[in-house]
Amino acid sequence: MDFALSEEQTAIFDMAHAFGQDRIAPHARAWEREGTIPKDLWPEIAALGFGGLYVSEESGGAGLSRLDATLVFEALSMACPSVAAFLSIHNMCAKMIDKFSSDEMKARVLPKAMTMETVLSYCLTEPGSGSDAAALKTRAERTNEGYTLNGTKAFISGGGYSDAYVVMVRTGGDGPKGISTVYVEDGAEGLSYGGLEDKMGWRSQPTRQVQFDNCNISASDLVGEEGKGFIYAMNGLDGGRLNIAACSLGAAQQALNMTLSYMAERKAFGKPIDQFQGLQFRLADMEIELQAARTFLRQAAWKLDNDTPDATKFCAMAKKFVTEAGSRIVNQCLQLHGGYGYLADYGIEKLVRDLRVHEILEGTNEIMRLIVARQMLADQ
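Residues numbered from 1 in each chain as written. Predicted model: local features only at pLDDT ≥ 70, side-chain atom pairs only at ≥ 80, totals over all residues. Heavy atoms only, no water.

(A) Structural detail: unusual backbone geometry. The phi torsion at Trp202 lies on the positive side, around 50 degrees, for a residue other than glycine. Here Trp202 lies in the loop between strand S6 (191–193) and strand S7 (207–218). A positive phi is found at Asn214, a non-glycine position, where the angle reads about 55 degrees. Following the sequence through the fold, Asn214 ends up in strand S7. (Helix = DSSP H or I, 4+ residues; strand = E, 2+ residues; numbered from the N terminus.)

As structure tokens, then:
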């Protein structure tokens, strides 16, 4: 059992971290105010191989492992978790197309997705179906040419911003077996968007409803087979949960780094506040929790890479544990900054706001507990 990163993995982390600190961190607050991420950032990220992190090399991707990918998202989140998380969504969609779509669709979609000329968004959640994703109502009725879509998707990161959407729709009866996955390009007739959502965090990501009103797509825009869409969606979420946990991890590490620097400079009662034992204990508690979270996340990623029977359970456990640990740590870091932590200039309050949603998306942490408990009972 070797817990050390390889030289290649260390280089991947270092490359992502350097890019984030150079090209993302200096602009993160401005992008948050503007409510968008400049489109010209994505080809720069893609030039590093991050547009298709675990898309196969045969399809033009980097062919990295899930563990490798968590290193990228951890490193980029040290610059801005909102930007890193948006990249995770694109990668989740690209992997679904690489793994499940026809050769024709791969050839048509993936080249530009790999260069991020085409930015992808994931459309599963609806106004009336969040945790109960299998209850989705957006329908795709068969036509002579393909499908006609009607329905609404909610809380879509990149809604009205992305170039194409990987959409879960109902082609059959109720329940998960009636769900299929389709690919819809921006500009399709009948595709429209709701107003920009005013969110607590992730404010640099444009988030809108995605609406389909007699939106026609061709038969070739079906991803994989009819009736398999829910399986595809859940398959994508295992890796997505690892990525979002990695985003929490990186942001928490950055907050702790910033807090250590601040405490060394901030003086109270005649000495730096990092010399007070009570505050040292709090630093130690955060470091212990952070290291435990990192080890747990990498174990879960290893299990997903090796397709172990308990991989889904471990992805759920890691997502729950790491995102909650990350939120606790950044909140403690804000507290240790005192009043300055509440000011935008210090960057801590943004991390508190950005990380809060990580306990909700990619499956709420309540659903993560449900997945774990069901697997425990099934193993009896």
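(B) How the structure looks around the nonpolar core. In terms of nonpolar packing, the biggest core is built from 76 residues, with Ile24, Trp42 and Leu76 touching the most fellow members. Top contributing element to this core by residue count: helix H9 (residues 311–336), with 13 residues. Beyond its immediate chain neighbours, meaning those up to four positions away, Leu76 contacts Ala16, Phe19, Gly20, Ile24, Phe50, Ala84 and Leu87. Formed by 29 residues, the second largest nonpolar core is a distinct cluster that contains Met96, Ala113, Val223 and Phe230. (Core = buried A, V, L, I, M, F, W, Y, C linked by side-chain atoms within 4.5 Å. Buried < 20%, exposed > 50% of the residue type's maximum accessible area, 1.4 Å probe, protein only. Contact = heavy atoms within 4.5 Å.)

(C) Focus on the side chain of Ser162. Examined against the element boundaries, Ser162 turns out to sit in the loop between strand S3 (146–157) and strand S4 (164–170). In this structure Ser162 comes out as buried when scored by relative accessible area, which is 1%. Within polar-contact distance, the side chain of Ser162 engages the side chain of Ser121 at 2.7 Å. If near-sequence neighbours (up to four positions away) are discounted, Ser162 is found in contact with Phe86, Val119, Leu120, Ser121, Ser157 and Asp186. (Polar contact = N/O pair within 3.5 Å; in protein donor to acceptor, adjacent residues only side chain to side chain.)

(D) Representation of the packing of helix H5 (residues 81–100) against helix H7 (residues 229–265). Their axes nearest at 9 Å, the elements H5 and H7 cross at an angle of 155 degrees. Considered as vectors, H5 and H7 are oriented roughly antiparallel to each other. Crossing hand, H5 versus H7: right-handed. Between H5 and H7, the residues in contact are Pro81, Ala84, Ala85, Ser88, Met92, Met96, Lys99 and Phe100 and Tyr232, Ala233, Asn235, Gly236, Leu237, Gly240, Asn243, Ile244, Cys247 and Ala251, respectively. Here the contact of H5 with H7 is built from residues that sort into twelve nonpolar, five polar and one charged. (Axes fitted to C-alpha atoms, helices over the stretch in contact; angles between N-to-C directions. Parallel < 35°, antiparallel > 145°, perpendicular 65-115°, else oblique. Left-handed = near helix turned anticlockwise from the far one by under 90°. Nonpolar A, V, L, I, M, F, W, Y, C, P; charged D, E, K, R; others polar.)

(E) Main features of helix H6 (residues 103–115). In this model, H6 (13 residues) spans 19 Å end to end at C-alpha, consistent with the 18 Å of a helix rising 1.5 Å per residue. Buried residues of H6: Met105, Val109, Leu110, Ala113 and Met114, and no others. Lining the buried residues of H6 we find helix H3 (41–47), H5, strand S1 (120–123), strand S5 (179–185) and strand S8 (222–223). At the C-terminal side of H6, Met116 shows a positive phi close to 60 degrees. (Expected span 1.5 Å × (residues − 1).)

(F) Representation of a nonpolar patch on the surface in the model. On the surface, Tyr340, Leu343 and Tyr346 cluster together into a nonpolar patch covering about 260 Å² of accessible area. Summarising the element assignment, Tyr340 is placed in the loop between H9 and helix H10 (348–356). Of the residues examined, Tyr340 reaches a relative accessible area of 34% and is grouped as partly exposed. (Patch = residues over 30% accessible without salt bridge, like charges linked within 9 Å, V, L, I, M, F, W, Y side chains within 5 Å. Areas by Shrake-Rupley, 256 points an atom, 1.4 Å probe, with all protein chains shown as cover. Salt bridge = Lys/Arg side-chain N within 4 Å of Asp/Glu carboxyl O.)

(G) Helix H4 (residues 66–77), seen in detail. Helix length check: H4 (twelve residues) gives 16 Å between terminal C-alpha atoms against 16 Å at 1.5 Å per residue, within 8%. Here H4 lies mainly inside the structure; twelve of its twelve residues are buried. The set of residues buried in H4 consists of Arg66, Leu67, Asp68, Ala69, Thr70, Leu71, Val72, Phe73, Glu74, Ala75, Leu76 and Ser77. Where H4 is buried, its residues contact helix H1 (7–24), H5, H7 and helix H8 (277–305).

(H) Region of interest: the pattern of salt bridges. What the rule picks out here adds up to 19 salt bridges. Taking the shortest distance from any N to any O, the salt bridge between Asp163 and Lys39 comes out at 3.5 Å. Of this pair, Asp163 sits in the loop between S3 and S4 while Lys39 sits in the loop between helix H2 (28–34) and H3, and the two are 124 residues apart along the sequence. Judged by relative accessible area, Asp163 falls into the partly exposed class, the value being 23%. Overall, the relative accessible area of 35% leaves Lys39 in the partly exposed class. Two residues, Arg353 and Glu349, come together in a salt bridge whose shortest N-O distance is 2.8 Å. Of the two residues, Arg353 and Glu349 both sit in helix H10, four residues apart, roughly one turn of that helix. Glu349 sits in the buried class, given a relative accessible area of 16%.

(I) View of the pairing of strand S2 (residues 139–142). When S2 meets S3, the two strands line up antiparallel, connected through four bridges. In the strand pairing of S3, Arg139 is matched with Asn150. The loop that links S2 with its antiparallel partner S3 comprises three residues. (Pairing = 2+ DSSP bridges.)

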